Amino acid sequence: PGTDHAGIATQNVVERKLASEGKSRHDFSRAAFLAKVWEWKEAHGSTIIRQLKRLGCACDWPRERFTMDDGYSEAVREIFIRLYEQGLIYRGNYIINWCPRCATALSDEEAPHVETDGYLYHIRYPLKNSPQYLIVATTRPETMLGDTAVAVNPQDERYRAFIGKTVVLPLVGREIPVIADAFVDPKFGTGAVKVTPAHDPNDYGMGKRHNLPFITIFHPDGRCNEHAGEYAGQDRFEAREAVIEDLRESRLLEKIEPHHHAVGHCYRCHSVVEPYLSKQWFVKMKPLSLPAIEAVKNGSIRFHPERWTKVYLNWMENIQDWCISRQIWWGHRLPVYYCQDCLPPDGAAGDLSRQGIIVGRDKPAACPQCGSPRIVQDDDVLDTWFSSWLWPFATFGWPFANLPAPAAAARQADLEYFYPTATLVTAPEIIFFWVARMIMAGLHFQGKIPFRDVYIHGTVRDETGKKMSKSLGNIIDPLEIIDDFGADALRFSIISLTAMGQDVFLSKEKFEFGRNFANKIWNAARFIMLKVPAAAFQAALPRPETLPRAERWIVSRFSSTLEKINEALQKYRFNEAAGLLYDFVWHEFCDRYIELAKSSAALTVTHTVLAVLLERILRIAHPFMPFLTEELWLKVNPQGGFLLQAGWPAPPDGYIDLPTEERMQFLWDVVTAIRTLRCENNIKPRQEVEISIFADDPRKNTILSEDAAYVRNLARVSSAAILGRRQPPEQCVSSIAAGCEIFLHSAGAIDPAAEIKKLDEQIALAEKEICRKETLLAKDGFVAKAPAAVVEKERSSLAALRDEVRKLRAARELFE
């Protein structure tokens, strides 16, 4: 378990706090500012850990790690040095995503594009010494101040005569060439585009290909610099409005039209990012990605749901180099030092020279090349994810270099035991940030995949479908839910609500479901512990052939359910497993079997089955509801150690009895129909009544005769007469279920007029459905074109409805 240092986010929090005091980080030395960040971390950094503990996460808490622990930081430095030595880390001057608000570079994954309603500005670029002009379309008119060319597609007939000519940059007066480049899309805008190599990644490529000047017009905070001329000092968006107005006054603005496009935003502060030419540190990702792609393609690593495999592979196969340097103070400072006497002045964009650069574990006393003592460390820190991608193995103390030999051996043994792990559970938005990079780092530095399965869960949303976030104020604090409902209720409710890979829509009321289930288990366990002798909890389950029918049924149902739960868990269908557990415990074990057990004639066997099944239910429920089950386990099995360390139960071999399950299900259907009749006719639960049952099938009559006691006990009836022929009592209400006609003797208990009204309504509904089906089957087109199985199903349904109406009419006659 552990946490990362969340470089940009954490620094932003501390800087906001300083701003509220009228200060900024620049009012402090770097060391003093970092001391304040550490103070904040000590005060608030354990919040997530406290939440995880209260949620019941079974982590190895003594091994808790933080990505800026001394040992972990050593691993981060080691990885940087090794990649640098392997030629996979380099320093270069490239277009990167720059956040003016956070004042740092971002990786592509940290600058997601958001669909935005903007504008396309059509600007006239006059040809030198000519009344003609080219019309250029752009979404960012302020960047024209840094234009060094206009580009057209060489195949575009409209502009062939302009290639090689010179235009005068509006508002600036700089002469720039018209170039031909196949990258230009003739269908975008006017087919002529401005080229700003220092402020657009596509233009950067054209600038390199055509050897154009690179002019940066913004300061890091988004204000225009001296290269922006009279707009210097203005914010980039303020400059946009000024440029548009000046173009309009100069009659160089052709038109403005609405334009929907995707704009990069900072993933932390949500500011619009600025494509920016900057000298940064990068990791070459292509060599690292190839083994990670193969690991997923050959099935060594599997995504659940499987659809995320395509998302992962698409990103990996089109991966770009990773910008890993950040212009902030909180984080792992680059282990990079510069000799101020050897370092050349900034060269051309993309200069990969290593001259004057020293990468090492410690600051050198002198330059190894020239001996100069004028050595300075790079001010930048590493992207937080550069430390997080090492988590599967760095948490164990890798690379063990500074550990005593015995400790290093022990840590190495731990790493070999726990690496690779089985399953990573995470969110879709960090597949690229974290999942893919952990796979690459694990394969490159450990020679093995870090995990075998990746389970991608959905997003938690509120009832309206909005993603929960602090900024929207629609979050549900898990600690408040735990206080109100309990951790087990929170866990079971969310698991039950969340289908694999689907988003979950939450409200506080939905946690009542889990709380009610927790209460059901608690009350059932307390009842069993009160009634069952302690010795029963140590007894073995009797062989199936020796069990009475009710016990044979419940053990068979437990075995069948456990097999389905195991299958669901293996396929990561957690909500399905929770639903199976809920249905078995609530409806079959509690509502049916415990009720039958109260009147059992074979108490010793019944007590053993109750005890054994309760013990196994607690084992199965433990991953879903750890606190409740652990508490009960220690009560029913005080000498057995913690439930957390107990084994997962296997389905009892040879106990699945499908004929008995079918037989008992038939009885439950009859009992349910009787209970429904009682409820519909407002008969009190403790009021015993008489019933008569008639079934066309002699086998069902036999079952009802043999198991009448089960029906009497569960339906609370004083007598249950099994009729050999249809002979309803003079006064009764009836129901049809499981192929049986059930008559509840109503003399003195039911209002005949009300019952006639109810039966008339049921008859009317059934006849309406009969009419619909008869009309459908009368259509030649339906019978001729529909599959034979569908036609036969409709005919069978029609026959069943006619039979139901016949029985309902017969029941009505009893009240006339």
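Here's what I pulled together on the structure shown here. Think of each chain on its own: its residues are numbered from 1, step by step along the sequence as written. Local features in this predicted model are restricted to residues whose pLDDT is 70 or higher, and side-chain atom pairs enter the listing and the counts only when it is 80 or higher, whereas totals over whole chains, interfaces and linings include all residues. Water and hydrogen atoms were dropped before computing side-chain values, which therefore reflect all heavy atoms in the structure.

**A few points about the state of the cysteines**
- Cysteine sulfur pairs qualify as disulfides if the two atoms are within 2.5 Å. What the rule picks out here adds up to zero disulfides.
- Note on Cys 323: no disulfide assigned, nearest cysteine sulfur contributed by Cys 266 at a separation of 13 Å.

**A closer look at the sheet that holds strand E12 (residues 274-283)**
- At least two DSSP bridges between two strands are required for those strands to pair. Secondary structure counts use DSSP, requiring at least four H or I residues in a row for a helix and at least two E residues in a row for a strand, with both numbered from the N terminus. One open sheet accounts for four strands, arranged E4-E3-E12-E14; its pairing is antiparallel. With one partner strand each, in any of the chains shown, strand E4 (104-106) and strand E14 (322-323) form the two edges of the open sheet.
- In the sheet, E12 pairs with E14 via two bridges, with the strands oriented antiparallel. Bridging from a neighbouring strand, Val 283 pairs with Trp 322 of E14.

**Regarding the packing of aromatic side chains**
- Any two of the Phe, Tyr and Trp rings considered here, Trp counted by its six-membered ring, make a pair once their centres fall within 6.5 Å; the pair's planes then place it as stacked at under 30 degrees, edge-to-face at over 60, or tilted in between. Enumeration over the complete set of coordinates arrives at 41 aromatic pairs.
- On the basis of an interplanar angle of 35 degrees and a centroid distance of 5.2 Å, the ring pair of Trp 385 and Phe 433 is categorised as tilted. One end of the pair, Trp 385, is in helix H9 (residues 384-388); the other, Phe 433, is in helix H12 (residues 431-446), with 48 residues separating them in the sequence. By the burial criterion, Trp 385 is buried, and Phe 433 matches it.
- Each residue in the set Phe 80, Tyr 84, Trp 281, Trp 322, Phe 386 and Trp 389 is aromatic and connected to the rest through ring pairs, giving one cluster.
- Above the plane of the ring of Trp 61 lies Lys 53, whose end atom (NZ or CZ) is 5.1 Å from the centre.
- For the cation-ring pair, Lys 520 lies above Trp 586, with the distance from its terminal atom to the ring centre recorded as 4.6 Å. Note on classification: 1.4 Å probe, protein chains only; a residue is buried when its accessible area is under 20% of the maximum for its type, exposed when over 50%, partly exposed between these limits. Charge-over-ring contacts are defined here by two conditions on Lys NZ or Arg CZ: a distance within 6 Å of the ring centre and an angle within 35 degrees of the ring normal.

**Remarks on the pairing of strand E7 (residues 149-152)**
- Neither face of E7 is left uncovered, since the one carrying Ala 149 and Ala 151 and the one carrying Val 150 and Val 152 both have all their residues buried.
- Two elements, E7 and strand E10 (residues 192-195), share four bridges in a ladder whose sense is antiparallel. Bridge pairing in E10 links Ala 149 to Val 195.
- Relative to strand E9 (residues 175-180), E7 runs parallel, the two sharing three bridges. The residue of E9 that forms the bridge with Ala 151 is Ile 179.

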